[in-house]
Each structure stands twice: as C-alpha cells, then as structure tokens.
Amino acid sequence: MASVGECPATVSVKDKKLLEVKLGELPSWILMRDFSPSGIFGAFQRGYYRYYNKYINVKKGSISGITMVLACYVLFSYCFSYKHLKHERLRKYH
Amino acid sequence: MNENLFASFAAPTILGLPAAVPIILFPSLLIPTSKYLINNRLITTQQWLIQLTLKQMMTLHNTKGRTWSLMLISLIIFIATTNLLGLLPHSFTPTTQLSMNLAMAIPLWAGTVATGLRLKTKNTLAHLLPQGTPTPLIPMLIIIETISLFIQPMALAVRLTANITA
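Predicted, not measured: the structure shown is a model, and the values here were computed from it. (Residues numbered from 1 in each chain as written. Chains lettered and ligands numbered in written order. Predicted model: local features only at pLDDT ≥ 70, side-chain atom pairs only at ≥ 80, totals over all residues. Heavy atoms only, no water.)

**Here we look at the overall build of chain A**
The helix and strand inventory of chain A stands at four helices and zero strands. Put simply, chain A runs from its N terminus to its C terminus through helices and strands in the order α-α-α-α. Looking at the 94 residues of chain A, the share that counts as buried comes to 16%. About 8200 Å² of surface is accessible on chain A, with carbon and sulfur atoms providing 66% of the total. (Helix = DSSP H or I, 4+ residues; strand = E, 2+ residues; numbered from the N terminus. Buried < 20%, exposed > 50% of the residue type's maximum accessible area, 1.4 Å probe, protein only. Areas by Shrake-Rupley, 256 points an atom, 1.4 Å probe, with all protein chains shown as cover.)

Written out as structure tokens, the structure reads:
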C-alpha cells in the first residue's frame, strides 16, 4: 500500500485500488495482479473478510447479512440449471 | 415431462466437470468460527443451537462415550445445513445422491459394530439373539439378526436419500 508521506499523484499503478486506476492504465494494472494460486486464494480470503466484517461481525447484525448470501446462491444455481430449465418454459416451440 | 425420468436427479456440471464439490463445501461458509467468548449474533445463535442438541444427545453417556460427540455433532450440522439449503429454489442437495449417503452410513455403522465386537465381544454376540426366544427358533433367529445387522447401513442411506429426494 502507499506509504504515509506520498501524495496520491505519485502512487505507483500497482498499489492503486481498482476505482482509482485510470482507463488507459487498466491493462497494465490487470497484468500486474498476482494470479498465482496463493494470490487467488488471498483475494478470496480478503473478499470474504470484507463482507463478513461489514455485515455479520457487527454488534447488531441483522438477517440481511446471511440473506444476501443465500440470494446469491439461488441466482448462481439458477444460472447453472438454466440449460435444463430452458425446456420447461410455457411456449409452443422450444 | 423431462426428456428422461432421471433428468431432475442429475448432478450439476460445469462444462462437464462435476460441480458437486463446491456445492458440498458451501455450507461451511455459513458457519463461522470465533476465538472470543462473546460473539456476533450469527455465531451466538449457532452455538446455542449446537449446545441444545449436544446436551440432548450426550448427557446419557459416560466419559468414554462422549468422545463420539464431535463426530456426531459435525454430522448433524452437515446434514441439517445441506438439507435446509436444498429447500431454496433451484439449489442442488448433495444428500439426494445415494453415493454420498452410503459414504456416510457405511463407515459410521462399521465403526460402531467393529468397536463393539472388539471391546465387548460377548455382549455383541449376545445381542444377536433376542431375550426369551423359544429354543427351536434359535438357529433361524441368529441368521435373521445377522442379516438385519448388515442391512442397517443400507437402510440408513436409503432412508435419507428417499426422504430428501421426495
């Protein structure tokens, strides 16, 4: 991450977050990401803890934290079974 | 009607690869662990439920019998979450596959029978004959009890499969 004294204009491309990368720099930003297995696993872990600490690990967590996960799971399963569900539509010609 | 009768029971695939493994691992994401005494609401609810079932199951056992509690509670949690997640629309329930239920039933059943045979051989063999049978029936009953003993894992597995599939 950028050290404390640097102003944003001099931060290197590699350390920028996605929303701060300019459009022309996008290919070089993507190529500089860590695509090794441990890098990908680290990305999943970071994403998991970001969601967990925002919605579930709070003092008065509500049911929406886990409902969002289940809704995503339903959508995901629907995408995977679309191939079979295609044939069950109410149409004259399939 | 489906193109064949078994289309609705097919395991999900991604481009031909079995996608069952991520789906079986998904319930573990919903059960977080914690190293604190006082936790968020999700973990507290789950811990309360687990303690409720554990006390119901394990108060009747002695110290040695309670060594089974981890195995049994994790089994209960796995089957409960997997089956409940299967109630969501379009989701896939791994326990509808007979292969998975047999994989759970046979080792557990064999473990209990083998432990019983090794540690308390006389009692185990004595169980094969119910109390108070008339003498002429003894040979037949021993065979019947042996067969019923061996059918137990099949019965366990098929019971879960059929009920969840329905």
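Having seen it, we continue.
**A look at a positive patch on the surface**
All names here are of chain A. A cluster of basic residues, Lys83, Lys86, Arg89 and Arg91, forms a positive patch at the surface. By secondary structure assignment, the location of Lys86 is in the segment after α4 (82-85). Assessed through its relative accessible area of 35%, Lys86 is described here as partly exposed. (Patch = residues over 30% accessible without salt bridge, like charges linked within 9 Å, V, L, I, M, F, W, Y side chains within 5 Å. Salt bridge = Lys/Arg side-chain N within 4 Å of Asp/Glu carboxyl O. Lys, Arg positive; Asp, Glu negative; His and termini not counted. Charge placed at Lys NZ, Arg CZ, Asp CG, Glu CD.)

**Considerations on the interface of chain B and chain A**
Chain B puts 19 residues into the contact, and the matching count from chain A is 19 residues. Interface of chain B and chain A: buried area, both sides summed, is about 1600 Å²; carbon and sulfur atoms make up 68% of it. Across the chain B-chain A interface, the total number found is three residue pairs in polar contact (both at pLDDT 80 or more). Elements with a contribution of two residues or more to the side of chain B that touches chain A: β1 (13-14) and α2 (41-58) of chain B. Each residue belonging to the side of chain B that touches chain A can be placed in one class, and the counts come to 12 nonpolar, six polar and one charged. (Contact = heavy atoms within 4.5 Å. Buried area = accessible area lost by both parts, 1.4 Å probe. Polar contact = N/O pair within 3.5 Å; in protein donor to acceptor, adjacent residues only side chain to side chain. Nonpolar A, V, L, I, M, F, W, Y, C, P; charged D, E, K, R; others polar.)

**Let's talk about the packing of helix α3 (residues 69-85) of chain B against helix α4 (residues 98-119) of chain B**
Residue and element names in this part refer to chain B. Two numbers describe how α3 lies on α4: the axes approach to 13 Å, and their chain directions differ by 165°. In terms of orientation, α3 lies roughly antiparallel with respect to α4. The hand of the α3/α4 crossing is left-handed. For the pair formed by α3 and α4, the contact residues are Met71, Leu75, Phe78 and Ile79 on the first element and Met100, Met104 and Leu108 on the second. (Axes fitted to C-alpha atoms, helices over the stretch in contact; angles between N-to-C directions. Parallel < 35°, antiparallel > 145°, perpendicular 65-115°, else oblique. Left-handed = near helix turned anticlockwise from the far one by under 90°.)

**Some thoughts on α4 of chain B**
Residues and elements named next belong to chain B. End to end, α4 covers 31 Å across 22 residues, agreeing with the expected 32 Å (1.5 Å per residue, within 8%). For α4, every residue scored as buried is listed here: Met100, Asn101, Met104, Ala105 and Trp109. Taken end-on, α4 shows its buried residues confined to a sector of 135°, consistent with a single buried face. In α4, those exposed residues whose orientation departs by more than 90 degrees from the buried face are Ser99, Ala103 and Arg118. (Expected span 1.5 Å × (residues − 1). Arc of directions from axis to C-beta.)

**Notes on the UniProt feature "transmembrane region" (unreviewed entry) in chain B**
All names here are of chain B. As recorded in UniProt, the feature "transmembrane region" (unreviewed entry) lies at residues 6-31, 67-86 and 137-158. Here residues 67-86 runs as 85% helix and 0% strand, with 30 Å between its end C-alpha atoms. End C-alpha to end C-alpha, residues 137-158 measures 30 Å, and it is 95% helix and 0% strand. (UniProt positions renumbered as here; feature names shortened; annotations may be inferred.)

**Considerations on the environment of Thr82 of chain B**
All names here are of chain B. Positionally, Thr82 belongs in helix α3. The spatial distance from the C-alpha of Thr82 to the C-alpha of Thr93 is 6.4 Å, given a sequence separation of 11 residues. Filtering out sequence-adjacent residues up to four positions away, Thr82 remains in contact with Pro27, Thr93 and Pro94.

**So, α3 of chain B**
In a regular helix each residue adds 1.5 Å, so 17 residues correspond to 24 Å; α3 of chain B covers 24 Å between its end C-alpha atoms and thus fits that length. Within α3 of chain B, burial applies to Ser69, Ile73, Leu75, Thr82, Asn83 and Leu85 of chain B. In the core, the buried residues of α3 of chain B are packed alongside α3 (64-80) of chain A together with α2, α4 and α6 (138-165) of chain B.

**Things to note about the packing of α4 of chain B against α6 of chain B**
All names here are of chain B. Orientation of α4 relative to α6, taken along the N-to-C sense of each, is 145°, at an axis distance of 8 Å. Remark: the crossing between α4 and α6 carries right-handed chirality. Facing α4, whose interface residues are Leu98, Asn101, Leu102, Met104, Ala105, Ile106, Trp109 and Val113, α6 presents Leu149, Phe150, Gln152, Pro153, Met154, Leu156, Ala157, Val158, Leu160 and Thr161. In terms of residue class, the contact of α4 with α6 is made up of 15 nonpolar, three polar and no charged.

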